[in-house]
Amino acid sequence: MKADTHPDYHMINVQMTDGTKFQTRSTWGSEGDTLVLEVDPTSHPAWTGGNQRVSEGGRVAQFNKRFGGLSLKK
């Protein structure tokens, strides 16, 4: 095997949105760095069962906003 082909694998701290912290091994950052999560299983609707918002600014919404008032007159 070639030497020095694998990234450095070290211990980091992970801080969840509710403030809880735990340690894990990762290639992210440096030894002892803290990864602060913006979305995690305690806050994301996919894991909590809350309401999931459909994209309100999607292509269909833009089309309806632009051309929704048009109608064909006979």
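Going by the structure above, here's the rest.
Structural notes, computed from the coordinates. (Residues numbered from 1 in each chain as written. Predicted model: local features only at pLDDT ≥ 70, side-chain atom pairs only at ≥ 80, totals over all residues. Heavy atoms only, no water.)

### Re the sheet that holds strand 1 (residues 10-15)
Move 1: With mixed pairing, 3 strands are arranged side by side in an open sheet as 2-1-3. The open sheet is flanked by strand 2 (21-26) and strand 3 (34-36), the only strands paired with a single partner. Averaged over all pairs of adjacent strands, the angle between strand axes in this sheet comes to 35 degrees, irrespective of strand direction.
Move 2: The pairing of strand 1 with strand 3 spans 3 bridges and is parallel. Residue Gln 15 lies in a different strand from strand 3, and its bridge partner there is Val 36. (Pairing = 2+ DSSP bridges. Helix = DSSP H or I, 4+ residues; strand = E, 2+ residues; numbered from the N terminus. Axes fitted to C-alpha atoms, helices over the stretch in contact; angles between N-to-C directions.)

### Observations concerning the packing of aromatic side chains
Move 1: Enumeration according to the criterion identifies 1 aromatic pair in this entry.
Move 2: Ring centres of Phe 63 and Phe 67 lie 5.1 Å apart, and the angle between their planes is 50 degrees; this geometry places the pair in the tilted category. Here Phe 67 and Phe 63 lie together in helix 2 (residues 59-67), a separation of 4 residues that amounts to about one turn. (Phe/Tyr/Trp six-rings, centres within 6.5 Å; stacked < 30°, edge-to-face > 60°.)

These figures capture arrangement, not role.
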